[in-house]
Each structure stands twice: as structure tokens, then as C-alpha cells.
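Below, each chain spelled out in residue letters.
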Amino acid sequence: MSARVGAELTMVLRLVDQHHPMLVNVGHGRSADSVGRARAFVEEWEARGGLVGEVVSWPEEAASWLRPACRMVAGHPDLWVVADEPEGWKGMGRRLAATGVWRPSRTIAFAGLAVPELPALAGEEATEGLRGALPDGRLWLVDDGHLVAG
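Residues numbered from 1 in each chain as written. Predicted model: local features only at pLDDT ≥ 70, side-chain atom pairs only at ≥ 80, totals over all residues. Heavy atoms only, no water.

*Asks:* What should I look at first to understand the pairing of strand S6 (residues 139-143) in this one?
*Replies:* Note on strand geometry: in a regular strand, side chains alternate between the two faces of the sheet. Side chains of S6 alternate between two faces, with Trp140 and Val142 buried and Leu139, Leu141 and Asp143 left unburied. As defined by bridge partners, strand S5 (residues 131-133) adjoins S6 across 3 bridges and the pair is classed as antiparallel. Within S6, the residue paired with arginine 131 across the bridge is leucine 141. Bridge count between S6 and strand S7 (residues 146-149): 4 bridges; the pairing is antiparallel. Each bridged residue has a counterpart across the sheet, and for leucine 141 the counterpart in S7 is valine 148. (Buried < 20%, exposed > 50% of the residue type's maximum accessible area, 1.4 Å probe, protein only. Helix = DSSP H or I, 4+ residues; strand = E, 2+ residues; numbered from the N terminus. Pairing = 2+ DSSP bridges.)

*Asks:* I would appreciate a short explanation of the environment of alanine 126 in the present structure.
*Replies:* Position of alanine 126 relative to the elements: it lies in helix H6 (residues 124-127). When the C-alpha atoms of alanine 126 and histidine 76 are compared, they prove to be 18 Å apart, with 50 residues separating the residues in sequence. Ignoring any residue separated from it by four or fewer positions in sequence, one finds alanine 126 in contact with Trp89, Gly93, Arg94, Trp102 and Pro104. (Contact = heavy atoms within 4.5 Å.)

*Asks:* Help me understand the sheet that holds S6, please; the structure alone is not making it clear to me.
*Replies:* Sheets are built from strands paired through backbone hydrogen bonds, the pairs being either parallel or antiparallel. As summarised here, the arrangement of the 7 strands in space is S2-S1-S3-S4-S5-S6-S7, forming an open sheet in which the pairing is mixed. Single-partner strands in this sheet number two, and they are strand S2 (52-57) and S7. The sheet shows a mean angle of 20° between the axes of neighbouring strands, direction not considered. (Axes fitted to C-alpha atoms, helices over the stretch in contact; angles between N-to-C directions.)

*Asks:* In this structure, what is going on with the environment of arginine 95? I would like to understand it.
*Replies:* Considering the arrangement of structural elements, one finds arginine 95 in helix H4 (residues 86-98). Arginine 95 sits in the partly exposed class, given a relative accessible area of 28%. With 85 residues separating them along the chain, arginine 95 and threonine 10 place their C-alpha atoms 28 Å apart. Each residue touching arginine 95, except ones within four places of it in the same chain, is listed here: Ser64, Trp65, Leu66 and Ala69.

Written out as C-alpha cells, the structure reads:
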């Protein structure tokens, strides 16, 4: 793992720790970067004694994303961690929002989703309150329909 991914993972773990979750479900797109980031989180979170429920992947394009969305909310996790790219999140985020269970404000994401176009692309229901880490470890969040990086 590169130092940049290390700083990003460190911030994701810090953001997750702030919620004191009992159970975390993890989801990711199928790009190599997304898979690697999700795996790194799961390994480190479990090494720290954290509990991971479902680990779910989804394609960039699908008919409905219903199955992966149902798996992501299974077990009533306290928090979700997501590693994806904007094109995949566009459909998956909307499907998660439609479950009535998932909340972007209870979701921590990696840098793949930290693009200014994300709120317009995926919609408010899939992005407002979403936050995560940039590659250098700085925080990003979606607030009032805008990506804000710190």
C-alpha cells in the first residue's frame, strides 16, 4: 500500500471511529482501486477488533442494484464504508437511498467519490452528508449539494 493510500485509510478509520459503530458494512465498486481500498479497510478494521458484517460489490452498470443494496443494509449496520467511482455510485447510491434504511450521513467513503460532480451525478439523496478521505488524508464532505474539501 502506498503512503497516499495509507493516509487515506488512516482518515477513513478515524472517521469511522468517531461513530463508535458496533457493526460496519462495506461496499465497493469493481475497479482495482475500489476493491483494494475496501479490502484494506476490512483488514485494518478487523485487526483493531471491529466487526464487519457484509462486504458487497456492485458493477458500474446494472438493471437496478437491488441485490447489492439489500445486502448493504442487511444486519442493520451502524455505519457503512464505501469505495467506488462516481459512475458506479450514481446507481448504487440512489438504490441505497430508496431502501429507507441507508443514510449518506452514516457513510464514510474513500477518495474515489470525492469529485465535484458527484452531487449532480448521483443526486442529493445519495450524497448529502456523505464524507470521506482524500488520498493525502484530508477530509471531504458533501454539504448543501457541494463537495467541500478540507
